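Per-entry structural report
Residues per chain, in single letters:
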Amino acid sequence: MQYGAAAADQAWYMPVVAPSSAVETAAERVERLASESAVVVFSVSTCCMCHAVKRLFCGMGVHPTVHELDLDPRGRELERALACLLGASGASAAGAPVVPVVFIGGRLVGAMDRVMAAHINGSLVPLLKEAGALWL
């Protein structure tokens, strides 16, 4: 059996997607990815601050969904969209890191400074409980 011929014969079951609806902007993709899990971390695999925030969550018993931007073909676009969300549109252009960026319950918490401040002042655990990421 030739796969090419079989695929051509059975192509009728493949949905046809209009090109205009198939294109997803970086901001839309960030929004979609951020809402797919209780805790979402946008990270770079070699970033020590990203590692620290992931360890913080794992140490609390929370297992975030992690999107490594350096491993994503559209990672640069996502990083620019995240910079805009953080209000630091010039930061990524100047070479300053944007990551880690954390979303809890689909809402932007912010970068490492905001996550650590929430942890220290005690507001991180209630956020995690409200999002369903922490049960204790």
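We now turn to the structure provided with this report.

Calculation notes
Residues numbered from 1 in each chain as written. Predicted model: local features only at pLDDT ≥ 70, side-chain atom pairs only at ≥ 80, totals over all residues. Heavy atoms only, no water. Pairing = 2+ DSSP bridges. Helix = DSSP H or I, 4+ residues; strand = E, 2+ residues; numbered from the N terminus. Axes fitted to C-alpha atoms, helices over the stretch in contact; angles between N-to-C directions. Contact = heavy atoms within 4.5 Å. Buried < 20%, exposed > 50% of the residue type's maximum accessible area, 1.4 Å probe, protein only. Arc of directions from axis to C-beta. Salt bridge = Lys/Arg side-chain N within 4 Å of Asp/Glu carboxyl O.

1. Description of the sheet that holds strand S4 (residues 107-110)
- Here we have four strands laid out as an open sheet, ordered S2-S1-S3-S4, and mixed in their pairing. The open sheet has two free edges, formed respectively by strand S2 (65-68) and S4, since each of these has just one partner strand. Each strand axis lies, on average, 25° off the axis of its neighbour in the sheet, ignoring direction.
- Two strands pair when backbone bridges link them, and strand S3 (residues 101-104) and S4 are joined in this way by three bridges, in the antiparallel orientation. Following the sheet pairing, Phe103 is matched in S4 by Leu108.
- Lying over the sheet, helix H3 (residues 26-34) contacts strand S1 (39-43), S2 and S3, oriented at roughly 140° with respect to S1.
- Lying over the sheet, helix H7 (residues 112-121) contacts S3 and S4, oriented at roughly 90° with respect to S4.

2. What to know about H7
- Taken together, the buried positions of H7 are Met112, Val115 and Ala118. On an axial view of H7, the arc spanned by its buried residues comes to 135°, and they lie on one face. Of the exposed residues in H7, the ones pointing more than 90 degrees away from its buried face are Asp113, Arg114, Ile120 and Asn121.
- Where H7 is buried, its residues meet helix H4 (48-59), S3, S4 and helix H8 (124-131).
- Two residues or fewer past H7, Gly122 is found with a positive phi of approximately 85°.

3. As for the pattern of salt bridges
- Following the criterion strictly, the structure yields six salt bridges and no others.
- A salt bridge links Glu36 to Arg32; the shortest N-O distance between them is 3.1 Å.
- Arg32 sits in the partly exposed class, given a relative accessible area of 33%.
- Through salt bridges with shared partners, a single network forms among Glu24, Arg32 and Glu36.

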